[in-house]
Structures are given as C-alpha cells and as structure tokens.
Amino acid sequence: MSEWQGFYSTTQVSRLTGVPLRTLYDWKFRKIIKPSMFMKNKDDQVVLDGYSYADLTIIKILRALREDRIDLSSAGIALRHLWERLGSPRHGWADAHVYLAGNRIFAEKSDEWETTAATQFGQKVETRLFGDLFQELKEQEEEGDILIPKDFRRYVEINPRVMGGQPVVRGTRVPTSILAILREKGKPLRDIFRLYSSIPKRAIEKAIQYEEFLDRAIAQA
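Residues numbered from 1 in each chain as written. Predicted model: local features only at pLDDT ≥ 70, side-chain atom pairs only at ≥ 80, totals over all residues. Heavy atoms only, no water.

Brief notes about the overall build of the protein chain
Part 1 of the argument: In terms of regular secondary structure, the protein chain is built from eight helices and eight strands.
Part 2 of the argument: Every one of the 221 residues in the protein chain was classed for burial, and the buried ones make up 46%.
Part 3 of the argument: Considering only contacts in the protein chain between residues 6 or more positions apart, those separated by 24 or more positions represent 53%. (Helix = DSSP H or I, 4+ residues; strand = E, 2+ residues; numbered from the N terminus. Buried < 20%, exposed > 50% of the residue type's maximum accessible area, 1.4 Å probe, protein only. Contact = heavy atoms within 4.5 Å.)

Printed below as a string of structure tokens:
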C-alpha cells in the first residue's frame, strides 16, 4: 500500500465526510463506491478493507451531487476526466489534487496540464487570468480543506503522506484524535500543553474543537 493513498475505514470515511454509515454501506452494496484498499495477513487473506484518499474525492463528489451543488451530468463529466487524466482511483491519484469550488470540480497536478476543469471536459484553466481571486477560491474550498471547516484550516490538515491521511495538527505528525482522547479521559489542558510543548496552545485547542465538530456533525447526519 503506497503511503500517498492513505487508508480510511468506513467509520473514518463517514466521520470525515459527514456521509452517514448507512449511506456508505448502501453505496457499497449497490457498487456505487466501495472500499478499494485491503489489508491482508501472512496467508494473503483480507482482514480489513478501507478507502483510499482518491476514494474520498469520489465520495465528496457524490455528496455534492446529493446536496445539489453539482448536477448529474457535470458529475459524470468530471469523473470521466479524472479517470482519463489520473487513472483508476486504485492507483491513488498520486501527486494529484482534486477540489470542489462552487459547482465546479478542478484537478491539479504538476504536469503540462497543471489545472483542469473536470466539470468542463478537462479544459485547461489559465489560473493567471484570475489572479488572486482563483487562489482565494481554491483556498476556501480545496479538496483537502473541504473536509475541514474554515475555522480550523489554520490548525488542522489532512495529507495522505502524513500519518496515513488522518487529521493532524498542521505542520506536525500529531493526530487530532490523540489530543481529543486525552481530553475526553480527563487530562487537563495544561497537562496536554506541557506534553506537546512544541505545539502552540491555540493549535491544540482548535484541534480538539475540530474533533468535537466531527462528533456533532456525524451525530446530526
């Protein structure tokens, strides 16, 4: 399993995307989107299945489709372009970045095409023509950040190259879940601050709040 693919259990996918477990299981049963990553034992038997970082992209497109952010035709065009440009999600879509901006889907990769509009048949986007406006739009809704509300983006990141793609305190390898677990077990904030003294206190507080946000969001889904 390549590190840039990440590995997310169905429960983790539900929690990170806000898509209910029952919906993910339904999509799996109907073969709309199902786990593409498998952990095997020494006898080559599958002991755990999961989703890759690329799978998360598809799930987010499906979520946007359900929320009427994009229409079925645009979603189909976008998925076809992503397959043609990046290959099968089983390959992890290495070194690629896919993000939603309004009702459009963009794909970005360091190649001759750079940024393409997936919902517009892969048309190359001349981002220079947009100036700072395009960068602001991208920062507001880029693929990784669509999982992270604006209030937490300065402090939390999701990168498949870091800790298997789990949410971490930005610029570190410390999972936000670890901080939240410590707090849930009654660890005083001052002790957590001391334990992770290299991390700004504000970042620790926001990381814990992010985990609390995920709990509330999935409870309401």
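What follows picks up the thread again.
Comments concerning the sheet that holds strand E6 (residues 123-124)
Part 1 of the argument: Taken in spatial order, the four strands line up as E3-E4-E5-E6 in an open sheet, and their pairing is antiparallel. Looking at the sheet topology across the chains shown, the edges are occupied by strand E3 (96-101) and E6.
Part 2 of the argument: Where strand E5 (residues 115-117) meets E6, two bridges bridge the pair, whose relative direction is antiparallel. Residue pairing for E6: Thr116 is matched across the bridge by Lys124. (Pairing = 2+ DSSP bridges.)

Re the packing of helix H1 (residues 10-17) against helix H2 (residues 21-29)
Part 1 of the argument: Where H1 contacts H2, the axes come no closer than 9 Å and their chain directions differ by 120°. Classified by the angle their axes make, H1 and H2 are oblique. For the element pair H1 and H2, the recorded crossing hand is right-handed. Seen from H1, the contacting residues are Thr10, Thr11, Val13 and Ser14; seen from H2, they are Leu21, Leu24 and Tyr25. (Axes fitted to C-alpha atoms, helices over the stretch in contact; angles between N-to-C directions. Parallel < 35°, antiparallel > 145°, perpendicular 65-115°, else oblique. Left-handed = near helix turned anticlockwise from the far one by under 90°.)

Digging into a nonpolar patch on the surface
Part 1 of the argument: A grouping of Met39, Val47 and Leu48 is seen on the molecular surface, where their side chains present a nonpolar patch of about 250 Å² in accessible area.
Part 2 of the argument: Overall, Met39 belongs to the partly exposed group, its relative accessible area being 34%. (Patch = residues over 30% accessible without salt bridge, like charges linked within 9 Å, V, L, I, M, F, W, Y side chains within 5 Å. Areas by Shrake-Rupley, 256 points an atom, 1.4 Å probe, with all protein chains shown as cover. Salt bridge = Lys/Arg side-chain N within 4 Å of Asp/Glu carboxyl O.)

A short note on the nonpolar core
Part 1 of the argument: Within the largest apolar cluster, 46 residues are counted, with the highest numbers of intra-cluster contacts made by Ile59, Leu82, Trp93, Ile105, Leu179, Ile204 and Tyr210.
Part 2 of the argument: Sorting the residues of this core by element identifies H1, H2, helix H3 (53-66), helix H4 (72-86), E3, strand E4 (104-109), helix H7 (189-195) and helix H8 (201-220) as the ones contributing at least two each. (Core = buried A, V, L, I, M, F, W, Y, C linked by side-chain atoms within 4.5 Å.)

Focus: the side chain of Thr116
Part 1 of the argument: Position of Thr116 among the secondary structure elements: in strand E5.
Part 2 of the argument: At a separation of 2.8 Å, a polar atom in the side chain of Thr116 contacts the side chain of His81.
Part 3 of the argument: Within the structure, the side chain of Thr116 is placed 2.8 Å from the side chain of Arg85, a separation counted as a polar contact.
Part 4 of the argument: With sequence-adjacent residues up to four places away left out, Thr116 is seen in contact with His81, Arg85, Ile105, Phe106, Ala107, Gly122, Gln123, Lys124 and Val125. (Polar contact = N/O pair within 3.5 Å; in protein donor to acceptor, adjacent residues only side chain to side chain.)

A word on helix H6 (residues 176-184)
Since the α-helix packs 3.6 residues into each turn, any two residues three or four apart lie on the same face.
Part 1 of the argument: Along H6, the residues classified as buried are Thr176, Leu179 and Ala180. Buried residues along H6 cover an arc of 95° about the axis, so they all sit on one side.
Part 2 of the argument: Looking at the buried side of H6, the elements it contacts are strand E7 (156-157), strand E8 (168-169), H7 and H8.
Part 3 of the argument: Gly186 lies just past H6 and shows a positive phi near 90°. (Arc of directions from axis to C-beta.)

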